[in-house]
Amino acid sequence: MTTKALTPFFIVLLLMALLPASSTPAVRPEMIRVAVLKGIDQLKIDGSGLLIMDRQREPLRVTPPLTVKGERKRLWVNGREAASLLITASTMVIVNGKGYRGVIEVIPAERGVLVVDELPLEEYLIGLINCEISSLWPLEAIKAQAVVARTFALYQKESRKGALYHLEATILDQVYDGCSVEDARAAFGVRETAGEVLTFNGDLAQTFFHANCGGHTEAVEQVWSVRRPYLTGVTCRYCLDAPTAAWESTLSLAKIEGLLKGAGVAAPALRDLSAGTRNGSGRLLTVRLTSAKGVRELAATSFRKALGSTVIRSTNFEIAVSGESARFTGSGFGHGVGLCQWGARSRAADGFSYREILTYYYPGTVLRKMANGV
Ligand SMILES: [Zn+2]
């Protein structure tokens, strides 16, 4: 070999030695901001190896455990005023006894404080599994839930761009109670679908979901003022044997009148209630109220919201008034739009894959892996 022949090879070797081991920049994981507490006056924060900072990432000289108080957009940490508070830990930050991953941000609000957990989306999903369903469910149901929750979270992130947070940690969006409820099976189900989302015409689908549809899922426009071709409602008999399939509640008319009043619906001296019209999925569109003001029809979704979504578990119900009380007997649990969690559970137990389950509840959607793979 001549020196000339060696030269290009040598240059390559030299370049390899000079360049960093990996010239590919690390991909930052997709992050999500979840409002884990809202409007509370005081909270306790603890954990091992806490790094406590202000928003400018300057360390704050306070010693954990922290007692944080907030009012009228001002914040006190262990009695000292602070403009803002950011906390991380080696494993988890404990907020009011619950563990959270990522960065906890405490933001003073007009009333109390807002606590936001910013963490990688995939880690959020692992904790979510045992809040929304159970990691003991069939694996294909866990995988379906992971895809639906990932898609929903990203859809909300996109639509709430610039807001203080992307997601509520309650049934308003998706239930999330921190990382203390994570387990290996939930993690496995999430990892098996890493980065997978449901799309429609190339865009993220709006993947609403609920506990139990009671036999037929609901068209989205019956609950919210949007129309989606993949949320028109499908028959689902798979949830009918579930413990959440049927419900009943009895309330006094006086109690109902009070709850309606609290929701801004005047029905003084309420003396009768009856079912109004129903839609194609069997759910009530309206409830008829008879009071001193005469007879009025109230949207069944508003009626459910006023009485409480765990008291009136769905809008598919019958009403029987007897004396001073009303008895409600109903089917299903939740708004009924999109994936039926208990239906997905039975389908998975019956051998359906998570892809088949998703295609069934969101017809026309396409499963895709996100470009950065998360
Ligand atoms: Zn169902």
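Basis of the calculations
For every chain, the first residue of the written sequence is number 1, and numbering continues from 1 along that sequence. Per-residue local features are limited, in this predicted model, to residues with pLDDT of at least 70; the limit for side-chain atom pairs, both in listing and counting, is 80 or more; totals at the level of whole chains, interfaces and linings are taken over all residues. Helical segments are the DSSP runs of H or I of at least four residues, strand segments are the runs of E of at least two, and each set is numbered from the N terminus. Exposed residues have 12 or fewer other C-beta atoms within 10 Å of their own C-beta, buried residues have 20 or more, and residues in between are partly exposed; the C-beta atoms are placed from the backbone. For the purpose of contact definition, each residue receives a C-beta atom placed from its backbone, and two residues are in contact when these atoms lie within 7 Å. Each axis is a line fitted through C-alpha atoms, taken for helices only over the stretch in contact, and angles between the N-to-C directions span 0 to 180 degrees. Under this scheme an angle from 65 to 115 degrees is roughly perpendicular, one under 35 degrees roughly parallel, and one over 145 degrees roughly antiparallel; angles in between are oblique. The hand of a helix crossing depends on one turn: near helix anticlockwise from the far one by less than a right angle means left-handed, and clockwise means right-handed. Under the convention adopted here, Pro, Cys and the residues Ala, Val, Leu, Ile, Met, Phe, Trp and Tyr are nonpolar, Asp, Glu, Lys and Arg are charged, and Gly plus all remaining residues are polar. Marked domain ranges trace back to an automatic or database domain assignment. DSSP bridges decide pairing: two strands pair if at least two such bridges lie between them. A set of buried Ala, Val, Leu, Ile, Met, Phe, Trp, Tyr and Cys residues, joined to one another through C-beta atoms within 7 Å, is what we call a nonpolar core. Every residue carries a pLDDT, the predictor's confidence in it, which falls somewhere between 0 and 100.

**Student:** Quick rundown of the overall build of the chain? Include the residues and the values.
**Tutor:** Looking only at helices and strands, the chain has eight helices and 23 strands in total. The C-alpha extent of the chain, read off along each of the three principal axes, is 105 × 55 × 35 Å. Here the chain, with 374 residues, has 41% of them falling under the buried criterion. The contacts of the chain with a sequence gap of at least 6 include a subset with a gap of at least 24, amounting to 65%.

**Student:** So what about the packing of helix α2 (residues 121–132) against helix α4 (residues 184–192)? Which residues, and what values?
**Tutor:** Where α2 meets α4, the closest approach of the two axes is 9 Å, and the angle between their N-to-C directions is 130°. The pairing of α2 with α4 is recorded here as oblique in orientation. Where α2 crosses over α4, the handedness of that crossing is right-handed. Across from Glu122, Leu125, Ile126, Ile129 and Asn130 in α2, the residues of α4 making contact are Ala186, Ala187, Gly189 and Val190. When the residues that make up the contact of α2 with α4 are grouped by side-chain class, the tally is six nonpolar, two polar and one charged.

**Student:** Go over the domain arrangement of the chain with me, naming the residues and quoting the values.
**Tutor:** Its domain assignment divides the chain into domain 1 (31–121), domain 2 (122–206 + 341–369) and domain 3 (246–331). On the side of domain 2, 18 residues touch domain 1, which itself brings 16 residues to the contact. For the side of domain 1 that touches domain 2, the secondary structure elements donating two or more residues are β1 (31–40), β9 (98–100) and β11 (113–120). Grouping the constituent residues of the side of domain 1 that touches domain 2 by class yields twelve nonpolar, one polar and three charged.

**Student:** Go over the sheet that holds strand β3 (residues 51–53) with me, naming the residues and quoting the values.
**Tutor:** Spatial strand order, β3-β7-β10-β11-β1-β12: six strands in an open sheet with mixed pairing. Whereas interior strands pair on both sides, the edge strands pair on one side only; in this sheet they are β3 and β12 (167–168). As paired strands, strand β7 (residues 85–88) and strand β10 (residues 103–108) are joined by three bridges and run antiparallel to one another. Of the residues in β10, the one forming a bridge with Ile87 is Ile104. Strands in contact with α2 are β1 and β11; relative to β11, the strand with the most contacts, it is inclined by about 110°.

**Student:** Quick rundown of the pairing of strand β19 (residues 294–299)? Include the residues and the values.
**Tutor:** Relative to β19, strand β18 (residues 286–291) is paired through six bridges, and the arrangement is antiparallel. Its bridge partner being in β19, Thr290 is matched across the sheet by Val295. Here β18 folds back onto β19, and the loop between the two strands holds two residues.

**Student:** How would you sum up the nonpolar core? Please name residues and give values.
**Tutor:** With 79 residues, the main nonpolar core has Val34, Val93, Leu125, Ile129, Ala144 and Ile357 as its most contacted residues. With nine residues, the single largest contributor to this core is helix α3 (residues 139–159). For this core, the domains that each give at least three residues are domain 1 (31–121) and domain 2 (122–206 + 341–369). Among residues more than four places away in sequence, those in contact with Leu125 are Ala146, Ala149, Arg150 and Val190. Counting residues in each nonpolar core, the second largest holds 16 residues, with Leu270, Leu284, Val287 and Phe317 among its members.

**Student:** Give me the confidence of the model for the chain: which residues, what numbers.
**Tutor:** Considering every residue of the chain, the mean pLDDT works out to 91; 92% of them sit at 70 or more. Residue range residues 1–23 is modelled with pLDDT below 50. Its contacts to residues more than four positions away, or to other chains, number one contact.

**Student:** Just give me the short version of the packing of α3 against helix α7 (residues 341–349), but keep the residues and values in it.
**Tutor:** Between α3 and α7, the shortest axis-to-axis distance is 7 Å and the interhelical angle comes to 140°. Taken together, the axis directions place α3 and α7 in an arrangement best described as oblique. Here α3 runs over α7; the crossing is right-handed. Facing α3, whose interface residues are Glu140, Ala141, Ala144 and Gln145, α7 presents Gln341, Ala344, Arg345 and Ala348.

**Student:** Talk me through unusual backbone geometry; I want residue IDs and the actual numbers.
**Tutor:** Excluding glycine, most residues fall at negative phi; most peptide bonds, likewise, are trans. Cis geometry marks the peptide bond from Pro64 to Pro65, where omega comes out at 0°. Phi angles above zero are rare outside glycine, and Arg57 is one such case at about 65°. Here Arg57 lies in the loop between β3 and β4 (66–71). C-beta crowding within 10 Å serves as the criterion here: with 8 such atoms nearby, Arg57 is assigned to the exposed category. Positive phi values are uncommon outside glycine, yet Asn78 reaches one of about 50°. Its location among the elements puts Asn78 in the loop between β5 (74–77) and β6 (80–82).

**Student:** Outline helix α6 (residues 300–307), listing residues and values.
**Tutor:** With six of its eight residues buried, α6 lies for the most part within the structure. Those residues of α6 not exposed but buried are Ala300, Thr301, Phe303, Arg304, Ala306 and Leu307. Packed against the buried residues of α6 are α5 (253–262), β18 and β19. Gly308 sits one or two residues past α6 and shows a positive phi near 110°.

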